[in-house]
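Given next are the chains, with one letter for each unit.
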Amino acid sequence: MSNFREDGPGYPVTEAIRVDKVSPKSRRLLSLRAITVVVIAIIMLIPVFVMAITAFKSRSVIVSHPPTIFFKPSLEGFVFLFTERAVVNKARQPEFKAAAEAGELGLVDRIALESGQEVTGTSDYVKRLKNSLIIAGLSTIFSVVLGLFAAYAFSRFDVLGKDDLLFFILSTRMLPAVVVTIPLFLMFRQLGLNDTHLGMILLYTVFNLSLAIWLLKGFIDEIPVEYEDAAMVDGYSRIQTFFKIVLPQTLTGIAATTVFCLIFAWNEYAFALMLTSDNARTAPPSIATMLGRGGIEWSAIAAGSLGFLIPVVIVTFALRNYLLRGVTFGAVRK
Amino acid sequence: MATIELRQVEKKFGDLHAVKPLDLTIHDGEFVVLLGPSGCGKTTTLRMISGLETVTSGEIYLDERKVTWLNPNERDIAFVFQLFALYPHLTVRQNIAFPLQAQGESRETIDERVSEVVDLLQIRRLLNARPSKLSGGDQQRVALGRALVRRPEAFLMDEPLGALDADFRESMRAEIKRLHIDQHATTVYVTHDQVEAMAMGDRIVVMSEAEIQQVGSSNEVYYDPANVFVANFIGSPGMNLVSGSYSDGIIHMPGADNRYPVPNNWWAPLGEALQNSGDVIVGFRPESAEIVEDGTLAGNVYTVDLYGAYSMLAVNMNEQDIIHIRGDRLIHYPIGTQIRFDIDPQMVRFFDPVTEKTIKREAIQ
């Protein structure tokens, strides 16, 4: 009779159960599981992969059929994305060629010249990206901070009409963006908020606040009230207790909420398209408008989308430890 | 240390009384136990003293200082919770130091005081552990440490042993009692366990139905219960209560020839208290009954439980009343045997069946 557990740990186990005593059979099952996960992940990542290689293709490689996977990488897409260019007329071409051969042109200028263009300035996309960072970043901070306090109040105090209020807050998210943009557009015009950073930050904060309150309330509800009672008899005021006891234990929830809010604000398309034109226009609608300007610059679009992914990936990666639950559990016996 | 005084303190949730107006004074250095079944208002009372619960009306004084409407952090009272409530994100050291940091003590003072407390409780080895890694008993010691380190005016404990395993509970009970004896700290202790209450309390406050039923020492609540509830609640099993009717020094109980001659010194008080009807409830502890061949009362053995040092007989006196008698562990009573017993005349008590209150002797001859 072997010591192995034939079925393996198919359920959550405590430390008392030796999870290392897994039978070879269930170990094979585990590796089968791992292989399945990897295969699914690869399938899911194919579009991202195609986007990533497209960003480094030059125009001629992109249009070749069948599509190539191995090619000479080019920064053309990024140059096109970040610069304004003009076609160099025939008369001036020898002059540019000479300059290029003499090594007087920078990397960016040389790449532009390959398709017969000269760089005339930076593109709007830089500004759009900056707008996205400001608007998404600030609205995320506001909605998480406001949401945290509101969620604490809803969780701990007898707020008058609590259930109705919570439903009302949730209902702000029930209508699709397309439905509410027209009235919002009219209101924004009255208030002079059209195409302003303030307007977009307010809008995204309001929209994310409902999500933040509901998510964070769930996390705070799970923290036993006894901790706060204990801190208050230990000599702390309610607000000190909040910062010293509740906040450290809600970090997991705050991290998850931050990621959700950021992803929404960062990716939001419909409101940004309708309510901004230039000053406060964010990256998502501007990537789309690139489709329409003198032929489709696939490499520039792919480069724009790739760059656009990076901040969300960084934030999610930075908060990954908090996104895993279970760090602070187990000190109150139930 | 301080005296805690409750004057007409009352708590209502909506129309429901969690605590009916009560008066209670807990003297300096006293260990008072609030005892009662769950939902009787004992924990609410404790939380009102601490300030975690507001009072609906009434006043609370701490050493003549009115604290009724002060926040918990302004009262200087320590609280030990049933589920310990150790902060999971802090180490044991940080947990114990936490109340001192609130007072803004210097690092040296904090280190010194934490050190004293961990030596007192013998938990120095745990200082850098996280609460979740500790056993229940150690968690409770840390929780006690966190309360002790402040040197507060009073300690409030809400079923501090309730979450511990049975074998551990007894030794922790001794530790807490010894701690109280050493520190001489004013303590209010809530429990639903009457054995724990009897063992620990200088005075026991028995509560039920949001009201105080009796305040007294262990002996008083055990031997002289104020009413039927206390008689039944204290002791395991509780006091035997048998209905009967009194006339001329004899109580007739249901069942064949169960005529109980009342001790002489009770004749006058019973006659006075039971002027109208003769209905009365006779109460006696299981150990106050003695099985003798020519006893005045009779019944059939219903079951016998051997408790180790003694055996507990359940005796069917008649169709309604099954009473308990403590018997010798060496004597065997087959089920169904008819036995006769007497009640120790010093230990018999009488209750009014209408008010359920005890009938008092004016003077013992």
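Values in this document were obtained by computation on a predicted structure and should not be read as measured data.

(A) Main features of the overall build of chain A. Helices and strands together make up the secondary structure of chain A, namely 15 helices and two strands. Out of the 334 residues belonging to chain A, those deemed buried represent 38%. Considering only contacts in chain A between residues 6 or more positions apart, those separated by 24 or more positions represent 72%. Carbon and sulfur atoms form 69% of the exposed surface of chain A, whose accessible area is close to 19300 Å².

(B) A look at the overall build of chain B. Across its full length, chain B carries nine helices and 20 strands. With the C-alpha coordinates aligned to their principal axes, the bounding extent of chain B is approximately 75 × 45 × 40 Å. Relative to its 365 residues, chain B shows a buried fraction of 53%. For chain B, the share of sequence-separated contacts (at least 6 apart) that also reach a separation of at least 24 residues comes to 66%. Of the roughly 16600 Å² of accessible surface on chain B, 46% is carried by carbon and sulfur atoms. Charged side chains of chain B number 34 positive and 51 negative; the gap between the two group centres comes to 8 Å.

(C) Quick peek at the interface of chain A and chain B. Counting residues at the interface gives 22 residues for chain A, matched by 27 residues for chain B. With both chains or domains summed, chain A and chain B bury close to 2200 Å², and 62% of this area falls on carbon and sulfur atoms. For D229(A), the salt bridge is made with R47(B), and the minimal N-O distance between the two is 3.1 Å. For the interface between chain A and chain B, the tally reads eight residue pairs in polar contact (both at pLDDT 80 or more). Of all the elements in the fold, those that place two or more residues in the side of chain A that touches chain B are α10 (225-233) and α11 (238-267) of chain A. Here the side of chain A that touches chain B takes seven residues from α10(A), the largest share from any one element. The residue makeup of the side of chain A that touches chain B, split by class, is 11 nonpolar, five polar and six charged.

(D) Main features of the environment of A85(B). For A85(B), the position within the fold is in the loop between β6 (77-80) and α2 (92-102). Sequence-wise, A85(B) and Q140(B) are 55 residues apart; in three dimensions their C-alpha atoms are separated by 9.4 Å.

(E) Here's a closer look at the pairing of strand β9 (residues 203-208) of chain B. Residues and elements named next belong to chain B. Burial of β9 is extensive: five of the six residues sit out of reach of the surface. Pairing analysis gives four bridges linking strand β3 (residues 31-35) to β9, with the strands arranged parallel. Its bridge partner lying in β9, V32 is registered against R203. Direction of pairing for β9 relative to strand β10 (residues 211-216): antiparallel, over a ladder of five bridges. Residue pairing for β10: I204 is matched across the bridge by G216. The hairpin formed by β9 and β10 contains two residues between the paired strands, and E209 there has a positive phi angle of roughly 55°.

(F) The arrangement of the confidence of the model for chain A in detail. All names here are of chain A. When the pLDDT values of chain A are averaged, the result is 83; 88% of them are 70 or greater. Looking over chain A, one finds the lowest element-wise mean pLDDT in helix α15 (residues 320-323), namely 76, and the highest in helix α6 (residues 124-156), namely 93. The model gives residues 326-334 a pLDDT under 50, and that stretch makes 22 contacts with residues more than four places away or in other chains.

(G) Just a nonpolar patch on the surface, in detail. Residues and elements named next belong to chain A. A cluster of nonpolar side chains, I134, L138, I141, F142, V145, L146, F149, I239 and F243, forms an exposed patch at the surface whose accessible area comes to about 790 Å². Residue assignment for the nonpolar patch shows that the elements contributing at least two residues are α6 and α11. Considering every element that reaches the nonpolar patch, the biggest residue donor is α6, with seven residues. Following the sequence through the fold, F243 ends up in helix α11.

(H) Inspection of the packing of α10(A) against α11(A) at higher detail. All names here are of chain A. The interhelical angle for the contact between α10 and α11, taken along N-to-C directions, is 140°, at an axis separation of 9 Å. The angle between α10 and α11 falls in the class oblique. For the pair α10 and α11, the crossing hand works out as right-handed. Contact residues: Y227, E228, A231 and M232 in α10; R238, T241, I245, V246 and Q249 in α11. Of the residues belonging to the contact of α10 with α11, the class tally is five nonpolar, two polar and two charged.

(I) Seen up close, the domain arrangement of chain A. All names here are of chain A. Annotation of chain A at the domain level lists domain 1 (4-54), domain 2 (76-122) and domain 3 (125-327). Taken over C-alpha atoms, the centre of domain 2 sits 41 Å from the centre of domain 3. Taken together, the eight residues of domain 2 in the interface contact 10 residues of domain 3. Together domain 2 and domain 3 conceal approximately 690 Å² of surface at their shared face, both sides included; 75% is due to carbon and sulfur atoms. Linking domain 2 with domain 3 are zero salt bridges, by the criterion used here. Applying the counting rule to domain 2 against domain 3 returns zero residue pairs in polar contact (both at pLDDT 80 or more). Of all the elements in the fold, those that place two or more residues in the side of domain 2 that touches domain 3 are α3 (76-82) and β1 (83-87). Top element by residues in the side of domain 2 that touches domain 3 is α3. It accounts for six residues. Residue composition of the side of domain 2 that touches domain 3, grouped by class: four nonpolar, one polar and three charged.

(J) Representation of the sheet that holds strand β18 (residues 322-327) of chain B in the model. Residue and element names in this part refer to chain B. Strand order in the open sheet formed by five strands is β15-β19-β16-β17-β18, and the pairing between neighbours is antiparallel. Two strands lie at the open edges of the sheet, namely β15 (289-291) and β18, each paired on one side alone. When strand polarity is set aside, the average angle formed by the axes of neighbouring strands in this sheet is 50°. Bridge count for β15 against strand β19 (residues 338-343) is three bridges, and the pairing is antiparallel.

(K) Geometry of the sheet that holds strand β11 (residues 240-247) of chain B. All names here are of chain B. In space, the five strands of this open sheet follow the order β13-β12-β11-β14-β20, with antiparallel pairing throughout. The sheet terminates laterally at β13 (259-261) and β20 (349-351), the two strands that pair on one side only. Looking at each pair of strands side by side, their axes are set apart by 40° on average, direction ignored. As judged from the three bridges shared by β11 and strand β12 (residues 250-252), these two strands associate in the antiparallel manner. Opposite Y246, over in β12, you have I251 as the bridge partner.

Cut-offs applied
Residues numbered from 1 in each chain as written. Chains lettered and ligands numbered in written order. Predicted model: local features only at pLDDT ≥ 70, side-chain atom pairs only at ≥ 80, totals over all residues. Heavy atoms only, no water. Helix = DSSP H or I, 4+ residues; strand = E, 2+ residues; numbered from the N terminus. Buried < 20%, exposed > 50% of the residue type's maximum accessible area, 1.4 Å probe, protein only. Contact = heavy atoms within 4.5 Å. Areas by Shrake-Rupley, 256 points an atom, 1.4 Å probe, with all protein chains shown as cover. Lys, Arg positive; Asp, Glu negative; His and termini not counted. Charge placed at Lys NZ, Arg CZ, Asp CG, Glu CD. Buried area = accessible area lost by both parts, 1.4 Å probe. Salt bridge = Lys/Arg side-chain N within 4 Å of Asp/Glu carboxyl O. Polar contact = N/O pair within 3.5 Å; in protein donor to acceptor, adjacent residues only side chain to side chain. Nonpolar A, V, L, I, M, F, W, Y, C, P; charged D, E, K, R; others polar. Pairing = 2+ DSSP bridges. pLDDT = per-residue confidence, 0-100. Patch = residues over 30% accessible without salt bridge, like charges linked within 9 Å, V, L, I, M, F, W, Y side chains within 5 Å. Axes fitted to C-alpha atoms, helices over the stretch in contact; angles between N-to-C directions. Parallel < 35°, antiparallel > 145°, perpendicular 65-115°, else oblique. Left-handed = near helix turned anticlockwise from the far one by under 90°. Domains from an automatic or database assignment.

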